[in-house]
Amino acid sequence: MSLRRVLGTLLTVTVLVVMAATPAFAQRERIPAESLPGPLKEVGFDQNLGAQVPLDIPFVDEHGQPVMLADYLGGDKPVVFTFVYYDCPMLCGLVLDGLAQSLSVLPFTPGQEFDVVAVSIAPEETPEMAIEAEVIALERYGKPETAPGWHFLTGGEASIRRLTETAGFRYVFLPETGEYAHASGIMIVTPEGTIAQYFYGVEYPPKDVRLALVDASSNQIGSLVDQMMLFCFQYDPQLGRYTVLITRVLRLAAAAFVLVLAVFLWVMWQRERRTGRTSGPVGAA
């Protein structure tokens, strides 16, 4: 391994350690920018919740075909976005591995209920590199037949900057190592292109990702159980995950108690009616 690659890997490890220390890495209230190493002061993943992803940004897909973000948004499926670069020595591979592992246990299928879009932040990367990354991700996911639901894009500097600035994803190129310093995470985008949720780090709790996809789809995917869970859980932007809403849980429990009590009283009333009919007054002989 070359010295440049070693330095790049060490820097990547530093970024990962810093992010692991705080789930909301992009929230600089927890880690003052002055205390970070030089390049990391410019790195982060800000929560631009509610921002509209521009649909007219051009990219190139893993097959070398020109595409627009409108090809993946503006339809009827939410999209999981992640920013990586395919020649990344470590962190990006961990992001894609963590995403594949999280999605592998969900009852949803890429290409059917949602899509996955990975975007390279390195304008020099090629579709050949993108398709290699796709092959590895699909191996990790374990379902190669879902390839139509996975999209690995490359693009020019202008396209990359426009998308990452909208998403709040800030990164820095390090000429001395030839690597990029960047944060890690994924974001869930609604079918219309509105940024709905962020998850930081390299591990994404399947329960939270599942709820985020159901939420972003406006309950168009998922089961009745998912919708009940969304009633009891709410996305917390500060923590980057779903948390229990105690008041809603108590309200749901109270409603369930009233329903059970009503059913019990109705059953008892029906039993008394049947008993009354079978043991009615006996006529005189």
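Residues numbered from 1 in each chain as written. Predicted model: local features only at pLDDT ≥ 70, side-chain atom pairs only at ≥ 80, totals over all residues. Heavy atoms only, no water.

## Examining the pattern of salt bridges
Here is step 1 of the chain: A complete count under the given rule lists 6 salt bridges for this structure.
Here is step 2 of the chain: The partner of arginine 162 in a salt bridge is aspartate 56, and the shortest N-O contact between them spans 3.0 Å. Here the residue arginine 162 occupies a position in helix H4 (residues 157-167), and aspartate 56 occupies one in the loop between strand S1 (44-45) and strand S2 (58-60), the gap between them amounting to 106 residues.
Here is step 3 of the chain: When its relative accessible area of 42% is taken as the criterion, aspartate 56 is described as partly exposed.
Here is step 4 of the chain: In this structure, the salt-bridge partner of arginine 140 is aspartate 97, at a minimum N-O distance of 3.0 Å. With arginine 140 in helix H3 (residues 127-141) and aspartate 97 in helix H2 (residues 91-104), this pair connects stretches of sequence that are 43 residues apart. (Salt bridge = Lys/Arg side-chain N within 4 Å of Asp/Glu carboxyl O. Helix = DSSP H or I, 4+ residues; strand = E, 2+ residues; numbered from the N terminus. Buried < 20%, exposed > 50% of the residue type's maximum accessible area, 1.4 Å probe, protein only.)

## Re the sheet that holds strand S8 (residues 179-182)
Here is step 1 of the chain: If you walk across this open sheet you meet the 3 strands as S1-S7-S8, and the pairing is antiparallel. In this open sheet, the two strands that pair with only one neighbour each are S1 and S8.
Here is step 2 of the chain: In the sheet, S1 pairs with strand S7 (residues 169-174) via 2 bridges, with the strands oriented antiparallel. Looking across to S7, one finds that phenylalanine 45 is bridged to phenylalanine 169.
Here is step 3 of the chain: Strands in contact with H4 are S1 and S7; relative to S7, the strand with the most contacts, it is inclined by about 135°. (Pairing = 2+ DSSP bridges. Contact = heavy atoms within 4.5 Å. Axes fitted to C-alpha atoms, helices over the stretch in contact; angles between N-to-C directions.)

## Details of the nonpolar core
Here is step 1 of the chain: By size, the foremost hydrophobic cluster in this structure holds 67 residues, and its most contacted members are Phe59, Phe81, Phe83, Leu103, Trp150, Phe152 and Leu163.
Here is step 2 of the chain: Looking at this core, the element that brings in the most residues is H2, giving 7 residues.
Here is step 3 of the chain: Contact partners of phenylalanine 81, with chain neighbours within four places excluded, come to Leu69, Leu73, Val117, Val119, Leu163, Ile186, Met187 and Val189. (Core = buried A, V, L, I, M, F, W, Y, C linked by side-chain atoms within 4.5 Å.)

## Some details on the sheet that holds strand S5 (residues 115-120)
Here is step 1 of the chain: If you walk across this open sheet you meet the 5 strands as S6-S5-S4-S9-S10, and the pairing is mixed. Edge positions in the open sheet fall to strand S6 (150-153) and strand S10 (195-200), since each of these has one partner strand only. Sheet twist, expressed as the mean angle between neighbouring strand axes with direction ignored, is 20°.
Here is step 2 of the chain: Summarising the sheet, strand S4 (residues 79-84) and strand S9 (residues 185-189) pair through 4 bridges and their orientation is antiparallel. Looking across to S9, one finds that valine 80 is bridged to isoleucine 188.

## Observations concerning H3
Here is step 1 of the chain: For H3, built from 15 residues, the straight-helix expectation of 21 Å at 1.5 Å per residue is met to within 8% by its first-to-last C-alpha distance of 21 Å.
Here is step 2 of the chain: For H3, the elements touching its buried residues are S2, H2 and S6.
Here is step 3 of the chain: Among the residues trailing H3, glycine 142 stands out with phi positive, at a value near 85°. (Expected span 1.5 Å × (residues − 1).)

## Section: the confidence of the model for the chain
Here is step 1 of the chain: For the chain, mean pLDDT is 80; residues scoring 70 or higher make up 67% of the total.
Here is step 2 of the chain: For residues 9-31, every residue scores under 50 in pLDDT, and the model assigns this stretch 52 contacts once sequence neighbours within four places are set aside.
Here is step 3 of the chain: Long-range and interchain partners of residues 245-250, a stretch whose pLDDT sits below 50, account for 9 contacts in this model, where long-range means more than four residues apart. (pLDDT = per-residue confidence, 0-100.)

## Focus: the packing of H2 against H3
Here is step 1 of the chain: H3 packs onto H2 with a crossing angle of 40° between their chain directions and a minimal axis gap of 8 Å. Looking at the two axes, H2 sits oblique to H3. Here H2 runs over H3; the crossing is right-handed. Side by side, H2 and H3 meet where Asp97, Ala100, Leu103 and Ser104 of the first sit next to Ala137, Arg140 and Tyr141 of the second.
Here is step 2 of the chain: Taken together, the residues of the contact of H2 with H3 sort by class into 4 nonpolar, 1 polar and 2 charged. (Parallel < 35°, antiparallel > 145°, perpendicular 65-115°, else oblique. Left-handed = near helix turned anticlockwise from the far one by under 90°. Nonpolar A, V, L, I, M, F, W, Y, C, P; charged D, E, K, R; others polar.)

## Quick notes on the pairing of S5
Here is step 1 of the chain: Burial of S5 is extensive: 6 of the 6 residues sit out of reach of the surface.
Here is step 2 of the chain: Relative to S5, S4 is paired through 6 bridges, and the arrangement is parallel. From the neighbouring strand, phenylalanine 81 faces S5, where its bridge partner is valine 117.
Here is step 3 of the chain: Tracing the backbone out of S4, into H2 and back to the parallel element S5 gives a crossover that is right-handed. (Right-handed = clockwise from strand over helix to strand, strands pointing away.)

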